[in-house]
Amino acid sequence: MLTAPMIDSRHFRDVMGHLPTAVVAITGLEAGTGRPAGLVVGTFQSLSLDPPLVTFSVARSSSSWPKLRPSSRFSASVLAAGQHDICRALSTKHGDKFAAVDWRYSDHGTPHIRHAHAWIDCEVTHEVEGGDHVIVIAGVARLTPGAGAPLLFHRGQLHGLF
Ligand SMILES: Cc1cc2nc3c(=O)[nH]c(=O)nc-3n(C[C@H](O)[C@H](O)[C@H](O)COP(=O)(O)O)c2cc1C
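This one's a predicted model, so the numbers in the text were calculated from it and none came from an experiment. (Residues numbered from 1 in each chain as written. Predicted model: local features only at pLDDT ≥ 70, side-chain atom pairs only at ≥ 80, totals over all residues. Heavy atoms only, no water.)

Visitor: Residue-level account of the side chain of Thr27, with values.
Guide: With respect to the helices and strands, Thr27 occurs in strand 2 (residues 24–29). In this structure Thr27 comes out as buried when scored by relative accessible area, which is 0%. Only 2.7 Å separates the side chain of Thr27 from the backbone oxygen of Pro111, close enough to count as a polar contact. Those residues in contact with Thr27 that sit more than four places away from it in its chain are Ala37, Gly38, Leu68, Phe74, Ser75, Phe98, Thr110, Pro111 and Ile113. (Helix = DSSP H or I, 4+ residues; strand = E, 2+ residues; numbered from the N terminus. Buried < 20%, exposed > 50% of the residue type's maximum accessible area, 1.4 Å probe, protein only. Polar contact = N/O pair within 3.5 Å; in protein donor to acceptor, adjacent residues only side chain to side chain. Contact = heavy atoms within 4.5 Å.)

Visitor: Could you give an account of the pairing of strand 6 (residues 73–78), naming the residues involved and the relevant values?
Guide: For strand 6, the tally of buried residues reaches five of six residues, placing the bulk of the element in the interior. Sheet topology places strand 2 next to strand 6; four bridges connect them, and they run antiparallel. Looking at the pairing, Thr27 lines up with Ser75 of strand 6. Summarising the sheet, strand 6 and strand 9 (residues 118–130) pair through six bridges and their orientation is antiparallel. Paired with Val78 across the strands is Ala118, a residue of strand 9. (Pairing = 2+ DSSP bridges.)

Visitor: Give a description of the nonpolar core that names residues and reports values.
Guide: Core analysis: the largest hydrophobic core is formed by 22 residues, its most contacted members being Ile26, Phe44, Phe56, Trp65 and Phe74. Breaking this core down by element, the ones donating at least two residues are strand 2, strand 3 (36–41), strand 5 (53–59), helix 2 (65–68), strand 6, strand 9 and strand 10 (133–145). If near-sequence neighbours (up to four positions away) are discounted, Ile26 is found in contact with Ala37, Gly38, Leu39, Val41, Phe44, Phe56, Trp65, Leu68, Phe74, Ser75 and Ala76. Counting 13 residues, the second-largest nonpolar core is a separate cluster that includes Leu79, Cys87, Leu90 and Leu158. (Core = buried A, V, L, I, M, F, W, Y, C linked by side-chain atoms within 4.5 Å.)

Visitor: Help me get a handle on the site of the ligand, residues and values and all.
Guide: If you check the shell around the ligand, you find 19 residues, and the closest are Val40, Ser62, Ser63, Ser64 and Lys93. In the environment of the ligand, an oxygen atom lies 2.8 Å from a nitrogen or oxygen atom belonging to the backbone of Ala59. A distance of 2.5 Å separates an oxygen atom of the ligand from a polar atom in the side chain of Ser63. Coverage of the ligand by the protein chains reaches 82% of its 630 Å² of free accessible surface. Contributions of two or more residues to the shell around the ligand are made by strand 3, strand 5 and helix 3 (84–90). (Near = heavy atom within 4 Å. Areas by Shrake-Rupley, 256 points an atom, 1.4 Å probe, with all protein chains shown as cover.)

Now the structure itself:
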C-alpha cells in the first residue's frame, strides 16, 4: 500500500492548476422545493462511449450536491467564453446562486444555462469514494451542442479559448 507523502494542499492546487479544464455547471432541481440548484466543476469528463457515461467529482463539503442527488437527474452546461459571471454565481456558497443566472427548463426537466457551449443531460448511476471528493458516474440521456467557444480555467484564472 502506498504511503501518502506529505504534500501541501496549496502546492497540490498550484501545480494541478497548470492542467487547463473546461468549466461546467452541474444543475438540477432541489427535491421538495423544485428550486434550481447547482455548482460549477472543473472535473467533468467523458468516461465511456458504450454505454455513454460521463464523470465528475464533487467535494464531500458541497451543499448543492445533496440537494440535486435525490432526483438522480442533472444537466451539465459547458460554459461558454464570456460566462465568467455565471461561473462566479454558481461557485459561490452563499445567497441565491440563480438570481442573476439566465436558465430555462430542458426536456430532461432540469435547468439548462442559456447560451452555454454545450448541454449534456444525465442520470446518476454510481458514486465512488475519492478521498475528500465523491466521483459521480452518470449515464447520458441527451447531448446538445451550442455555439461559440468554451470557457477555460487555468492557473486560477478564467479564459475564453478564442
Ligand atoms: C473553475 C472551478 C472549478 C471547480 N471545480 C470543482 C469540482 O470539480 N468539484 C467540486 O466539488 N467543486 C468545484 N469547484 C468549487 C465549487 O464550484 C464551489 O465550491 C461550489 O459553490 C460548491 O459549493 P456548494 O456545493 O456548497 O454550493 C470549482 C470552482 C471553480 C470556480
